Amino acid sequence: MPTKDEVFDKIRTALVDALGVDEEDITPEATLVGDLGAESIDFLDIVFRLEKAFDIKIPRGELFPEDILTDSKYVRDGKVTETGLSELRKRMPFANLDDFSKNPLVQDFGNLLKVADMCRFVESKVGVTD
Amino acid sequence: MRWYWIDKFIEFESGRYAKAVKCISLAEEHLHDHFSFYPMIPNSLVIEGMAQTGGLLISEHNQFSEKVVLAKIPKARFYCDAVPGDTLIYTTTIEYIKEEGAMVSATSYKGDILHAEAEIVFAHLNDSRLGTLFEPETFLRMMRMLGAFDVGHAADGSRLVPPPRLLNAVKSAQNDGQGK
């Protein structure tokens, strides 16, 4: 079972390789889209590198449940509804949705995910020691 | 000028890897416009050649049912120049194929010298506006012209043949054409 530091190191390597950013740019508080410049195709690449680095499977939509954002059941007037937010909380227990929930514009969703969220996501899949 | 940046396949294993040849000739117009009096093949066209090798490999694995487009190059390194008279061998190996896209790792060799290496990510698009770029007969013609069915084999070792889906689509388009 890896330690939290080992998980972070592997995630940092995956992000450097996928996004072409410098190692020092990868901090727990860095957002993938806003700070590290990730675009939609990068998530495919990142997921593959995480699967390879940790020998895990990440089904589509597990890390980034974009299907919720295109489902009229969960979106109204460009904002995620309360039902949508509750679905997001269920699907993304590793992410902190507090700030996003204050004004849940669909266009801001991409900027939600931070490196720390990704670490928690991987930790929940592989299990970690301190 | 036609947008072919490989000359033929020399190996093709469905779902695993493909190897293609690119012969560089002084007769190619673009060589004279890149650097004056130094006719080297532009690195971008080497990447395009590797992407064509890998893109057809991915498309064939999907039975040509997905619109496979070059989406991202996470890594590309060039170690030397390639000039007229050189023959480049591009090898692309599938790293993964998912519902949303795929990635290949690629190398370019000049004899036994590593000329370049890259990672290439492809996206699977659903955009109907791209329809005319992805006609079944275009793929069938391209695969035949590049010799994929002459050298290729399936994962079980049997000879590579055009997928029935592609042949049926071409046949149906021909029948439609005759009916008009």
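Quick caveat, the model's predicted, so the values are computed rather than measured.

**Student:** Describe in detail the overall build of chain B, supporting the description with residues and values.
**Tutor:** Looking only at helices and strands, chain B features five helices and seven strands. Counted from the first residue to the last, chain B has its helices and strands arranged as β-β-α-α-β-β-β-β-α-α-β-α. Compactness check: chain B gives a C-alpha radius of gyration of 17 Å against a globular reference of 16 Å for 180 residues, within 12% of the reference. Seen along its three principal axes, the alpha-carbon backbone of chain B occupies a region of about 55 × 35 × 30 Å. In chain B, buried positions account for 30% of the 180 residues. Intrachain contacts of chain B at a sequence separation of at least 6 include 66% that bridge at least 24 residues.

**Student:** Lay out the pairing of strand S4 (residues 87-97) of chain B in plain terms, naming residues and giving numbers.
**Tutor:** Residue and element names in this part refer to chain B. Here seven bridges tie strand S2 (residues 17-23) to S4, and the two strands are oriented antiparallel to one another. Following the sheet pairing, Cys 23 is matched in S4 by Thr 87. Direction of pairing for S4 relative to strand S5 (residues 101-110): antiparallel, over a ladder of nine bridges. What sits directly across from Ile 89, in S5, is Tyr 109. Between S4 and S5, which pair antiparallel in sequence order, lie three residues.

**Student:** With reference to specific residues and values, describe the interface of chain A and chain B.
**Tutor:** Contact with chain A, which involves seven residues of that partner, is made by twelve residues of chain B. When residues of the side of chain A that touches chain B are traced back to their parent elements, those giving at least two are helix H1 (4-19) and helix H2 (40-54) of chain A. The greatest single-element share of the side of chain A that touches chain B, amounting to four residues, is contributed by H2(A). Residues belonging to the side of chain A that touches chain B are distributed by class as follows: four nonpolar, no polar and three charged.

**Student:** Account for the domain arrangement of chain A, with residues named and values stated.
**Tutor:** All names here are of chain A. Each assigned domain of chain A is listed with its residue range as follows: domain 1 (1-57 + 113-130) and domain 2 (65-112). Taken over C-alpha atoms, the centre of domain 1 sits 21 Å from the centre of domain 2. Domain 1 puts eight residues into the contact, and the matching count from domain 2 is five residues. Here the side of domain 1 that touches domain 2 is built from residues that sort into three nonpolar, three polar and two charged.

**Student:** I'd like a rundown of the pairing of strand S1 (residues 8-13) of chain B, residues and numbers included.
**Tutor:** Residue and element names in this part refer to chain B. In this sheet, S2 lies alongside S1 in antiparallel orientation, the contact comprising five bridges. Of the residues in S2, the one forming a bridge with Phe 9 is Ala 20. The turn linking S1 back onto S2 is made up of three residues, and Gly 15 within it adopts a positive phi angle of 75°. Bridge count between S1 and strand S7 (residues 152-153): two bridges; the pairing is parallel. Within S7, the position partnered with Phe 12 by the bridge is Gly 152.

**Student:** Account for the sheet that holds strand S3 (residues 67-78) of chain B, with residues named and values stated.
**Tutor:** All names here are of chain B. Read across the open sheet, the seven strands follow the order S3-S6-S5-S4-S2-S1-S7; overall the sheet is mixed. One side of each edge strand has no neighbouring strand; the edge strands of this open sheet are S3 and S7. The sheet strands contacting helix H2 (residues 43-61) are S2, S3, S4, S5 and strand S6 (113-125), and the helix crosses S4 at an angle near 45°.

**Student:** Hey, could you go over the environment of Phe121(A) for me, with residue numbers and the actual values?
**Tutor:** Residues and elements named next belong to chain A. Within the element layout of this structure, Phe 121 appears in helix H6 (residues 115-126). Accessibility expressed as a C-beta count within 10 Å gives 21 for Phe 121, which makes it buried. Residues Phe 121 and Arg 91 lie 30 residues apart in sequence; the distance between their C-alpha atoms is 11 Å. For Phe 121, the residues in contact, after removing those within four places along its chain, are Leu 63 and Phe 94.

**Student:** Any details on the confidence of the model for chain A? Residues and values, ideally.
**Tutor:** Averaged over all residues, the pLDDT of chain A equals 91, while 100% of them reach at least 70. Per-element confidence in chain A ranges from a low mean pLDDT of 86 for helix H5 (residues 106-109) of chain A to a high of 95 for H1(A).

**Student:** If you had to explain helix H3 (residues 136-145) of chain B to someone new, which residues and values would you point to?
**Tutor:** Residues and elements named next belong to chain B. Within the sequence span of H3, burial applies to Pro 136, Phe 139 and Met 143. The buried residues of H3 all sit within an arc of 65° when viewed along its axis, so they share a single face. Looking at H3, the residues exposed on the side facing more than 90 degrees away from the buried face are Arg 141, Arg 144 and Met 145. Once H3 finishes, Gly 147 follows within two positions and takes phi at roughly 75°, a positive value.

**Student:** Just give me the short version of the nonpolar core, but keep the residues and values in it.
**Tutor:** Looking at soluble globular proteins, one finds that nonpolar side chains tend to be buried together. In this structure, Ile11(A), Met50(B) and Ile120(B) are the most contacted members of the largest nonpolar core, which totals 66 residues. Counting residues per element, this core draws most heavily on H2(B), which supplies seven residues. Inspection of this core shows a minimum of three residues originating in each of domain 1 (1-57 + 113-130) and domain 2 (65-112) of chain A. Other than its neighbours up to four places away in sequence, Met50(B) contacts Tyr90(B), Thr92(B), Ala106(B), Ser108(B), Ala118(B) and Ile120(B).

The rules behind these values
Residues numbered from 1 in each chain as written. Chains lettered and ligands numbered in written order. Predicted model: local features only at pLDDT ≥ 70, side-chain atom pairs only at ≥ 80, totals over all residues. Helix = DSSP H or I, 4+ residues; strand = E, 2+ residues; numbered from the N terminus. Rg over C-alpha atoms; globule rule 2.2 N^0.38 Å. Buried ≥ 20, exposed ≤ 12 C-beta atoms within 10 Å, placed from the backbone. Contact = placed C-beta atoms within 7 Å. Pairing = 2+ DSSP bridges. Nonpolar A, V, L, I, M, F, W, Y, C, P; charged D, E, K, R; others polar. Domains from an automatic or database assignment. Axes fitted to C-alpha atoms, helices over the stretch in contact; angles between N-to-C directions. pLDDT = per-residue confidence, 0-100. Arc of directions from axis to C-beta. Core = buried A, V, L, I, M, F, W, Y, C linked by C-beta atoms within 7 Å.

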